[in-house]
Amino acid sequence: MESSPSAELLPVCHWSPPSLEGWTFAVVVHAGCCILGSLPLGLILYPLRQRHATIAATSATSGSSSKVTTRQETWIMNDQQQQQQQQRRRRQVLCVILAVGAAAVPPLLVYAVSSSSSTYSSWFGWEGNNHHNVFPAYFWMGPFLLSTFGFSTFFKTINVAFGQYPLGADSTLLSWLLWFVLLPEPRYVQGQLQGPASWMSIQNMIIVFVFKILGISLLLSLMLQSDSGDTIDLPFSLPEWFVQVHNVYLWLFPLLAGGIFLPKTLLSSIGNMMALAMMLSVLHQLLAFAYSDIPLPTWLVTIWNGYVHLWLLYLFASFCLDFSLLTNVTLTAGRIQFEAGFDNPLVASRSLREAWGLRWNKSVGTLLKRTVYIPARHHHGWNAVAATLATFLASGLLHEYNFSIHNHTVSSDYYGKVTIFFVLMGFLMMAEQVVYTKFVPPSWKSWMQQNVPTVLISLVWCLLASSPLEQFFMPSWLEAGWVKALMELFPTFQCGKML
């Protein structure tokens with residue numbers, strides 16, 4: 001029986017289930033990092049810190065109880081202070097050595113496995129000619145999880161060296177191990193572990209977790225329909241007549257930015273004029289999406305791809321932290337509350353400062369604030385701008401370390417780009433603050449606060465960050481096979497036409 005012409009046009013969709021091997025591998029690597037790495041290191045650091053505290057307390061007690069002359073008391077106190085300083089420096093040196101050693105394990109392990117890729121492929125029956133395609137795509141998760149172990153243990157060990165861990169984290173051995181091993185960290189308030197977690201909050205975690213899985217699957221399924229396989233094609237292009245009009249518009253743009261065509265009473269600052277001109281320029285481009293004669297401008301495609309990848313990156317990173325969060329809640333039987341990983345940065349941020357400082361990857365942000373920003377501000381006397389830029393620089397170097405591990409198969413040409421991205425984000429955040437405080441009138445601020453939806457403001461900063469993200473952050477991830485790894489770990493649908 002012949003099929004009808006209309007039936008030939010019906011799409012045929014194929015469902016690809018998540019790889020059980022991939023998830024088993026990821027869980028084993030994650031558990032191995034915690035049990036074989038973080039847990040022993042935490043046990044080593046806890047008695048080291050306790051022994052130092054005991055020596056200091058004993059010295060202070062013996063000094064206060066000695067009945068000697070004033071001059072002798074002074075000598076003894078000075079001697080005790082020197083001993084305490086020596087003990088503190090030895091502890092700091094030892095902790096720094098342990099931190100560097102822990103951070104060195106992941107890259108050395110990944111290098112050893114990559115160098116022996118042919119041996120492992122023969123063991124497991126994988127086929128391939130080099131380390132780029134010997135291992136299954138989901139193996140990208142192994143180095144990714146190892147890099148997370150490396151930077152988190154490094155920062156937390158440095159926190160131990162300089163006493164920067166949360167108040168109450170060392171109250172008991174259990175509290176110490178919960179803080180040192182787990183990410184996200186337990187929640188401490190006034191030195192006390194908070195708990196238990198309410199059943200309502202656990203339900204919300206599970207619901208959000210499921211929606212993130214669906215979001216990742218949807219984005220990946222749309223990417224499967226594209227030509228490149230790692231982004232979503234825009235089904236739009238620009239007509240020839242629009243290009244000619246747009247060329248004229250580009251010549252008029254500086255005049256519009258200067259306010260020649262607008263009464264000065266409508267705009268109270270040059271910053272507002274520039275913002276309006278840029279909005280009109282983008283709107284002018286967006287109005288042409290319904291036409292399909294010539295390709296879109298490269299810069300617009302870059303922003304679109306960056307926006308898509310920003311959402312996929314957010315969903316993936318927050319999924320990983322939510323997975324750890326639910327695991328932590330399960331292991332502690334819901335008796336302890338944990339900090340959130342992300343806090344809706346792409347839809348609930350009214351500024352870059354709020355997005356980066358308060359909502360995006362709060363676990364890493366807390367480590368950076370505790371290790372870089374707070375010491376720079378309170379111990380070294382740096383101003384807020386310098387401390388913020390130093391924190392973004394440290395974040396860039398942290399990601400350089402991560403990328404060198406989980407994107408180790410890519411060209412060395414990508415090294416340094418992620419640092420450029422984070423430093424650029426730091427400058428953009430500072431510039432945003434300057435423009436908002438000095439060029440936006442108070443009446444406009446009040447009107448925006450009351451009338452402009454938060455999701456719209458979030459969209460603006462997302463688009464602002466999308467182009468740098470696509471140019472400096474994402475290339476090594478895409479080349480290393482990040483999207484392909486996710487396609488093996490999450491369910492996807494691929495639709496085509498019947499022939």
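Structural data are supplied above this passage.
What counts and how
Residues numbered from 1 in each chain as written. Predicted model: local features only at pLDDT ≥ 70, side-chain atom pairs only at ≥ 80, totals over all residues. Heavy atoms only, no water. Helix = DSSP H or I, 4+ residues; strand = E, 2+ residues; numbered from the N terminus. Buried < 20%, exposed > 50% of the residue type's maximum accessible area, 1.4 Å probe, protein only. Contact = heavy atoms within 4.5 Å. Areas by Shrake-Rupley, 256 points an atom, 1.4 Å probe, with all protein chains shown as cover. 1 Å grid on protein atoms, 1.4 Å probe; cavity = no way out; pocket = protein on both sides within 12 Å on 5 of 7 lines; lining within 4 Å. Points joined across faces, edges and corners; volume = space filled by probe spheres on them. Nonpolar A, V, L, I, M, F, W, Y, C, P; charged D, E, K, R; others polar. Core = buried A, V, L, I, M, F, W, Y, C linked by side-chain atoms within 4.5 Å. Expected span 1.5 Å × (residues − 1). Polar contact = N/O pair within 3.5 Å; in protein donor to acceptor, adjacent residues only side chain to side chain. Bend = angle between axes of the 7 residues up to and from the residue. Salt bridge = Lys/Arg side-chain N within 4 Å of Asp/Glu carboxyl O. Axes fitted to C-alpha atoms, helices over the stretch in contact; angles between N-to-C directions. Parallel < 35°, antiparallel > 145°, perpendicular 65-115°, else oblique. Phe/Tyr/Trp six-rings, centres within 6.5 Å; stacked < 30°, edge-to-face > 60°.

The subject of this paragraph is the overall build of the protein chain. Secondary structure assignment for the protein chain yields 18 helices and 4 strands. Here the protein chain holds 499 residues, and the buried ones make up 43% of them. Nonlocal contacts in the protein chain, meaning residues at least 24 apart in sequence, comprise 77% of its contacts between residues at least 6 apart. With the model as given, the accessible surface of the protein chain reaches about 27100 Å², and the carbon-plus-sulfur share is 66%.

Time to look at empty space enclosed by the protein. Inspection of every chain in the model, using the stated rule, returns 2 cavities of 30 Å³ or more. Here the largest cavity is characterised by a volume of approximately 60 Å³. Listed by contribution, the elements that provide at least two residues to the lining of the largest cavity are α14 (384-406), α15 (417-438) and α17 (454-480). Taken together, the residues that form the lining of the largest cavity break down as 6 nonpolar, 2 polar and 2 charged. What the second largest cavity holds in volume is close to 40 Å³. Forming the boundary of the second largest cavity are L310, W356, W360, F421, W461, A465 and L469. Among the elements that make up the lining of the second largest cavity, the one with the highest residue count is α17 (3 residues). Among the residues making up the lining of the second largest cavity, the classes are represented as 7 nonpolar, no polar and no charged.

Judged by nonpolar contacts, the single largest core of 75 residues is most densely connected at F473, W477 and W482. Broken down by element, this core gets its largest block of residues, 13 residues, from helix α10 (residues 298-331). Contact partners of F473, with chain neighbours within four places excluded, come to L313, H399, F403, V418, F421, F422 and P468. Core analysis: the next-biggest nonpolar cluster, separate from the first, contains 15 residues, L45, Y46, W179 and F180 among them.

With that settled, consider α14. End to end, α14 covers 33 Å across 23 residues, agreeing with the expected 33 Å (1.5 Å per residue, within 8%). Taking the backbone nitrogen of V385 as reference, a side-chain oxygen 3.3 Å away marks N383 as the first, capping residue of α14.

As a further point, take α17. By the largest-angle criterion, M474 marks the main kink of α17, which is about 60°, and a proline, P475, follows within four residues. Directly after α17, the chain includes G481, whose backbone phi takes a positive value near 95°.

Enumeration over the complete set of coordinates arrives at 6 salt bridges. The salt bridge partner of E354 is R359, with a shortest N-O separation of 2.8 Å. Of the residues examined, R359 reaches a relative accessible area of 16% and is grouped as buried. Linked by salt bridges that have partners in common, K156, E185 and R370 make up one network.

With that settled, the discussion passes to the packing of helix α5 (residues 141-161) against helix α6 (residues 173-181). The interhelical angle for the contact between α5 and α6, taken along N-to-C directions, is 135°, at an axis separation of 10 Å. Considering their axes alone, α5 and α6 lie oblique with respect to each other. For the pair formed by α5 and α6, the contact residues are T153, K156, T157, N159 and V160 on the first element and W176, W179 and F180 on the second. By residue class, the composition of the contact of α5 with α6 is 4 nonpolar, 3 polar and 1 charged.

The full count for this structure, using the stated rule, is 37 aromatic pairs. Considering the side-chain rings of Y46 and W176, the 5.6 Å spacing of their centres and the 50° angle between planes classify their relative orientation as tilted. Remark: W176 occurs in helix α6 and Y46 occurs in helix α2 (residues 20-65); sequence separation between them is 130 residues. A single burial state applies to Y46 and to W176, both of which are buried. With a centroid separation of 6.4 Å and 85° between ring planes, the pair formed by W356 and F392 is classed as edge-to-face.

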